[in-house]
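Inside the fold
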Amino acid sequence: MLKTALKTLTVAAMLAGSALSAAAADYTLRATANSNENDEDYDGLVVFKNFVESASNGAIEVELFIGTQLCSNGAECLQGVAGGAIDIYISTSGGASGIFPYVQVLDLPYMMSDDRIAEHVLSGEFTRTMRQMALEDSDNSIRLMTIGNTGGWRNFANTKRRVAMPSDLEGLKIRTVVADLPQELVKSLGASPTPIPWPELFTSFQTGVVEGSKNGITDIMGMKFPDAGLQYVTLDGHAYMGALWWMNNEKFLSMPEDLRRVVVDGFYALQQATFASPKRKSIKAYEDFVAGGGDLYVPTPEQKAAFKEAASPVYDWFKANVGRGEEIFGALEEAVAAAEKDVNADRSADLN
């Protein structure tokens, strides 16, 4: 009898607790990522959801929609954010470039040398500058909350030969997205840019429609591209794969300051999770690539300098052809210089 009574009381308490929890959620944030649960974007959202719901004592509830339930591409999803149907959305620079063309600055080659520099740059004033530009250009409807990572670094990979110098890319058909900047980069290195939709890339490698790509190792292994003949990867690290996290600005500003602080701190936690996730996932991906017979090449400092020199015309093209390009390029250059100064000072201090 006592056991039954206790069980009844426990169930009642749980029901009351869940009713209280539901009633306590003053704000619901609908967050979407057009990816899957194996992706860094999902890792970041899980951290964000846990942090925000806990730190707000249940005043904020975060609903996750992974895949294409709410929207299917960058333009559609960002329109959803602007209109308030979606509260939070993550895009690549390519996904947002139709609305904010200057975000392609993240795709400029060889601007940031390593993870420490990139993470320093994306955690400071550069992101706030881009946030202000996006607010101005969206009539204060779309707010950039943070920039994380999705997939590590872009490297050149191909089916034909080891690439140690820019001249080794000459004549290769390299897959790009349908955007001007990556096509300009591939052309500057002597290769032939070939826009191919992502789902068709495996077959395109098999049939020789394309002979190379610009991807991170986790994407290469996740899509099983070595099975289609992709056997050469050069770790030139020409672009950090930035992930832009957007939020409906009206929804953000509708919250009291204490809850806005929780959301801002939640995006910081999300950013740190997406910085870390690709580093861990890439370890096995590289091991599997080499174990399968793949050729992994690390350019020397001199070779990397040659790649940067060959790609340098892209900087002038960007500043001349992309709206507000010169403005954001200057902001990135300034942020990189400051990051290099700070990081190198920290490195020197830790060496002694």
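Please read all numbers here as calculations on a predicted model, not as lab measurements.

If you walk through the whole model with that rule in mind, you get eight aromatic pairs. Geometrically, the ring pair formed by Trp198 and Phe225 is edge-to-face, given 5.5 Å between the ring centres and 75 degrees between the ring planes. A residue pair is termed long-range when its members are at least 10 positions apart, and Trp198 in the loop between β6 (192-195) and α8 (201-207) and Phe225 in the loop between α9 (217-222) and β8 (232-248) qualify at 27 residues. Assessed through its relative accessible area of 0%, Phe225 is described here as buried. Summarising the aromatic geometry, the rings of Tyr315 and Phe329 are spaced 5.7 Å apart at their centres and angled 45 degrees between planes, so their arrangement reads as tilted. Taken together, the residues Tyr315 in helix α13 (residues 313-321) and Phe329 in helix α14 (residues 325-351) connect sequence positions 14 residues apart. Here the two residues Tyr315 and Phe329 agree in accessibility, since each one is buried.

Right, let's get into the state of the cysteines. Under the counting rule described, the total for this entry stands at one disulfide. Each sulfur of the disulfide joining Cys71 and Cys77 lies 1.9 Å from the other. Here Cys71 and Cys77 share a disulfide; its torsion about the S-S bond, 105 degrees, makes the bridge right-handed. The class for Cys71 is buried, based on a relative accessible area of 2%.

Taken as a whole, helix α12 (residues 301-311) has its buried residues at Gln303, Phe307 and Ala311. With its buried residues spanning 75 degrees around the axis, α12 presents them on a single face. More than 90 degrees from the buried face of α12, the exposed residues found are Pro301, Glu302 and Glu309. Tucked inside the fold, the buried residues of α12 contact α7 (180-188), β9 (295-297) and α13.

With that settled, the discussion passes to the pairing of strand β4 (residues 142-158). Among the 17 residues of β4, 16 are classified as buried, and the element is accordingly described as predominantly covered. Judged from the twelve bridges that link them, β4 and β8 form a sheet pairing that is antiparallel. Residue Gly148 lies in a different strand from β8, and its bridge partner there is Ala243. The sheet contact formed by β4 and strand β7 (residues 212-215) spans four bridges and is antiparallel. In the sheet register, Asn155 faces β7, and the bridge partner there is Asn215.

We now examine the nonpolar core. With 57 residues, the main nonpolar core has Val121, Phe126 and Trp246 as its most contacted residues. Considering every element that reaches this core, the biggest residue donor is α14, with eight residues. Leu29, Ile90, Phe252 and Val263 belong to the second largest nonpolar core, which has 24 residues in total.

This brings us to the packing of helix α2 (residues 40-55) against helix α11 (residues 257-291). Close contact between α2 and α11 brings their axes to 8 Å; oriented N to C, the two are set at 150 degrees. Between α2 and α11, the crossing angle belongs to the class labelled roughly antiparallel. The crossing of α2 and α11 is right-handed. Taken together, the residues of α11 that come into contact with α2 (itself represented by Glu40, Asp43, Gly44, Leu45, Val47, Phe48, Phe51, Val52 and Ala55) are Val262, Val263, Asp265, Gly266, Phe267, Ala269, Leu270, Ala273, Thr274, Ser277, Pro278 and Lys281.

About the thresholds
Residues numbered from 1 in each chain as written. Predicted model: local features only at pLDDT ≥ 70, side-chain atom pairs only at ≥ 80, totals over all residues. Heavy atoms only, no water. Phe/Tyr/Trp six-rings, centres within 6.5 Å; stacked < 30°, edge-to-face > 60°. Helix = DSSP H or I, 4+ residues; strand = E, 2+ residues; numbered from the N terminus. Buried < 20%, exposed > 50% of the residue type's maximum accessible area, 1.4 Å probe, protein only. Disulfide = S-S within 2.5 Å. Arc of directions from axis to C-beta. Contact = heavy atoms within 4.5 Å. Pairing = 2+ DSSP bridges. Core = buried A, V, L, I, M, F, W, Y, C linked by side-chain atoms within 4.5 Å. Axes fitted to C-alpha atoms, helices over the stretch in contact; angles between N-to-C directions. Parallel < 35°, antiparallel > 145°, perpendicular 65-115°, else oblique. Left-handed = near helix turned anticlockwise from the far one by under 90°.

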